[in-house]
Amino acid sequence: MLKLIYFKSDLKQLFREPMMTLLFFIPIIMAPLFKIILALGVPFLQRYVTFSVEAYHNYILAFVLLMIPAMLGVVMGFMLLDDKDGKIIELLSVTPFGRNGYLIVRLSFVAMATLIYTFYTYLVMGLYILPILILFFIGLLLCFYGASIGMIFFNLATDKVKGLTYAKGLNVMLFFILVDLLHIPWLTFLAGFFPTYWIYRIIENKGTTIPIVFGLTVHIVWFIILLWITDKRKISI
Amino acid sequence: MTSHKPRTTGAQGQRLLSALKADVLFQFKQGFYFVYLILSLFYLIIFHQLDNTWLSYVMPVVLFMDPSVLGLFFIGGILLLEKEQGILSLIYVTPLRVWEYILSKVISLCLISLMAILFISLIAYKEAVNYVYLIIGVILTSVFFTLIGFLVATRSKSVNDFFVKIIPWMMVLILPCLLLIFYPNMQVLGLIPSIASLKLVWGAYHAINFWEFIILTLYMIVLNIFLLKYTYIVFQKKMVQEN
């Protein structure tokens, strides 16, 4: 019951700030927009290139799916920064709900939205066929990724300008979905430590055990380390 | 506001230089340089895998879309953070003039754009590049987008409000560039500032006609001067006087 109240409060905060609302609902527009761009752009591109763009649908799907937690993670990061500025975390830490309860609610809020948007984006894009269980698994990993982005953002950024800088920097992780195209062994090895690479590999290998196991491990390790750092830093209280 | 401040011509350059130093230091501390170094390295890795023909198309577009227009976003964050921290109110009690304040922000962000673009282009592009064209193109592009961001930030209440307002601007400015794909030779498109900017950056890699370069450069200079004056008026009126 208590948590439901906090979810409602999250929704209120989300709608109070037009920027949060915009970022939160961009995934709804993003999937059809990409679909339109592909429908118009691919036939045009095919006139000039000899390769088939269809061979790269897995990369496109991985990119669009990863954009969801990347954006929602930033939304959460901004909400956490707002709460930090408004001393809300300080206030909640002395209530029975506590600081950890606050973090759990925030993280679950982003996780739930990410999961819903993952299915929505996959269905709207209709680019690449994935078994339903694999899609659900990818959705779960994206939830961890979104929460991790929010925590990185929150731990590193002391103000919104820094937040903006790190949001830009965190986009670098999206490059890792392309590393298999580059054929650079050290870069592929490096990419293996980042969650984004494994999302692509799971999409590419559809149910092969190794990417699933490695993907899950990397996402959980990132999540736990970030949770530990967030807990250790006590969010400047 | 500026009329109340003493006019010492020799000190003007010194004040601007000091403000510029402070802005560069602030941006360095905020991690702008670090983030753009990492981004540049990733661009280099990707560009290294492309052959020169592909690179001549991809590089100017990427350099235009990312490092050239970085000021559009970052200026909002910087300006509104300074507003929240009350720094803008302090301009009243310093000899720094509004002109110098605006110019310092614009130049400092332009420096990051220029550094990132030259770093990427000098390392990744092996064919001939007209660096005079590239530098002029990047400076004019960066100044234009930073001033647009400045104007939007001046009319925003908070950083969040700025982002809501800047997204439509970004779409209005960037989306017309897609027209160049379908009508690459339609000269009238150069009247759209973002297309004129893209043509200047593109021209450095594709040996743009000299007179076209001159016309686009003059057009962007006039536009930037007008925008700078307008930004000055709006900024002075809306922010400094409000404070």
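Residues numbered from 1 in each chain as written. Chains lettered and ligands numbered in written order. Predicted model: local features only at pLDDT ≥ 70, side-chain atom pairs only at ≥ 80, totals over all residues.

Caption draft 1: Region of interest: the overall build of chain B. Across its full length, chain B holds 11 helices and zero strands. Tracing chain B from N to C terminus, the helices and strands come up as α-α-α-α-α-α-α-α-α-α-α. In terms of overall size, chain B behaves like a compact globule, its C-alpha atoms giving a radius of gyration of 19 Å where 243 residues would be expected to give roughly 18 Å. Along the longest, intermediate and shortest principal axes, the C-alpha atoms of chain B span 55 × 40 × 35 Å. (Helix = DSSP H or I, 4+ residues; strand = E, 2+ residues; numbered from the N terminus. Rg over C-alpha atoms; globule rule 2.2 N^0.38 Å.)

Caption draft 2: Spatial organisation of the overall build of chain A. Across its full length, chain A holds 11 helices and zero strands. Each helix (α) and strand (β) of chain A, taken in turn from the N terminus, gives the series α-α-α-α-α-α-α-α-α-α-α. Over its C-alpha atoms chain A spans a radius of gyration of 19 Å, differing by no more than 12% from the 18 Å that the globule rule assigns to 237 residues. The C-alpha extent of chain A, read off along each of the three principal axes, is 60 × 35 × 35 Å. Sorting the 237 residues of chain A into buried and exposed places 36% on the buried side. Of all intrachain contacts in chain A linking residues separated by at least 6 positions in sequence, the fraction that spans at least 24 positions is 74%. (Buried ≥ 20, exposed ≤ 12 C-beta atoms within 10 Å, placed from the backbone. Contact = placed C-beta atoms within 7 Å.)

Caption draft 3: Representation of helix H11 (residues 209–233) of chain A within the structure. Residue and element names in this part refer to chain A. If you check H11, its first and last C-alpha atoms are 36 Å apart, about what 25 residues at 1.5 Å a residue would give, namely 36 Å. The complete set of buried residues in H11 reads Gly 215, Val 218, His 219, Trp 222 and Thr 230. As for H11, its buried residues are in contact with helix H5 (98–125), helix H6 (132–156) and helix H10 (195–205). (Expected span 1.5 Å × (residues − 1).)

Caption draft 4: Quick peek at the interface of chain A and chain B. Each side of the interface is counted separately: chain A has 20 residues, and chain B has 21 residues. Those elements giving two or more residues to the side of chain A that touches chain B turn out to be helix H2 (18–46) and helix H7 (160–170) of chain A. Class assignment of the residues belonging to the side of chain A that touches chain B gives a composition of 13 nonpolar, two polar and five charged. (Nonpolar A, V, L, I, M, F, W, Y, C, P; charged D, E, K, R; others polar.)

Caption draft 5: Examining the packing of helix H3 (residues 57–85) of chain A against H5(A) more closely. All names here are of chain A. Close contact between H3 and H5 brings their axes to 10 Å; oriented N to C, the two are set at 155 degrees. One way to sum up the angle between H3 and H5 is to call them roughly antiparallel. The element H3 and its partner H5 pack so that their crossing is right-handed. Note on element contacts: H5 touches H3 through Arg 106, Val 110, Ala 113, Thr 114, Tyr 117, Thr 118, Thr 121 and Met 125, opposite Leu 61, Val 64, Leu 65, Ile 68, Pro 69, Leu 72, Gly 73, Met 76, Met 79 and Leu 80. Grouping the constituent residues of the contact of H3 with H5 by class yields 13 nonpolar, four polar and one charged. (Axes fitted to C-alpha atoms, helices over the stretch in contact; angles between N-to-C directions. Parallel < 35°, antiparallel > 145°, perpendicular 65-115°, else oblique. Left-handed = near helix turned anticlockwise from the far one by under 90°.)

Caption draft 6: Up close: the packing of helix H6 (residues 98–124) of chain B against helix H7 (residues 131–154) of chain B. All names here are of chain B. Packing of H6 against H7 leaves a shortest axis separation of 9 Å and a crossing angle of 140 degrees. Relative to H7, the element H6 lies oblique. Relative to H7, H6 is oriented so that their crossing is right-handed. Mapping the contact onto sequence places Ile 102, Lys 105, Val 106, Leu 109, Cys 110, Ser 113, Leu 114, Ile 117 and Ser 121 in H6 and Leu 134, Ile 135, Val 138, Ile 139, Ser 142, Val 143, Thr 146, Leu 147 and Phe 150 in H7. Each residue belonging to the contact of H6 with H7 can be placed in one class, and the counts come to 13 nonpolar, four polar and one charged.

Caption draft 7: The arrangement of the nonpolar core in detail. In this structure, A:Leu65, A:Ile199 and B:Val201 are the most contacted members of the largest nonpolar core, which totals 116 residues. Per element, the largest residue contribution to this core is 15 residues, and it comes from H3(A). With near-sequence residues (within four places) excluded, A:Leu65 lies in contact with A:Thr118, A:Thr121, A:Ile138, A:Leu142 and A:Ile199. (Core = buried A, V, L, I, M, F, W, Y, C linked by C-beta atoms within 7 Å.)

Caption draft 8: Region of interest: unusual backbone geometry. Even without glycine at this site, A:His183 takes up a positive phi of about 55 degrees. Mapped onto the fold, A:His183 is located in the loop between helix H8 (179–182) and helix H9 (185–191). Although it is not a glycine, B:Ala207 sits at a positive phi angle of roughly 45 degrees. Its location among the elements puts B:Ala207 in the loop between helix H10 (193–205) and helix H11 (210–240).

Caption draft 9: Inspection of the confidence of the model for chain B at higher detail. Mean pLDDT for chain B: 87, with 94% of residues reaching 70 or above. With a pTM of 0.82, the predicted complex shows an ipTM of 0.74. (pLDDT = per-residue confidence, 0-100.)

Caption draft 10: Molecular detail of the environment of A:Pro131. All names here are of chain A. In this structure, Pro 131 sits in the loop between H5 and H6. Its 10 C-beta neighbours within 10 Å are what place Pro 131 among the exposed residues. In this structure the C-alpha to C-alpha distance between Pro 131 and Ile 203, which are 72 residues apart in sequence, comes to 9.8 Å. Leaving out residues up to four positions away in the same chain, Pro 131 has contacts with Lys 206 and Gly 207.

Caption draft 11: Fine view of the environment of B:Phe226. Residues and elements named next belong to chain B. Tracing the backbone through its elements, the reader meets Phe 226 in helix H11. Phe 226 sits in the exposed class, given 11 other C-beta atoms within 10 Å. Considered as a pair, Phe 226 and Ser 56 are 170 residues apart in the sequence and their alpha carbons are 32 Å apart.

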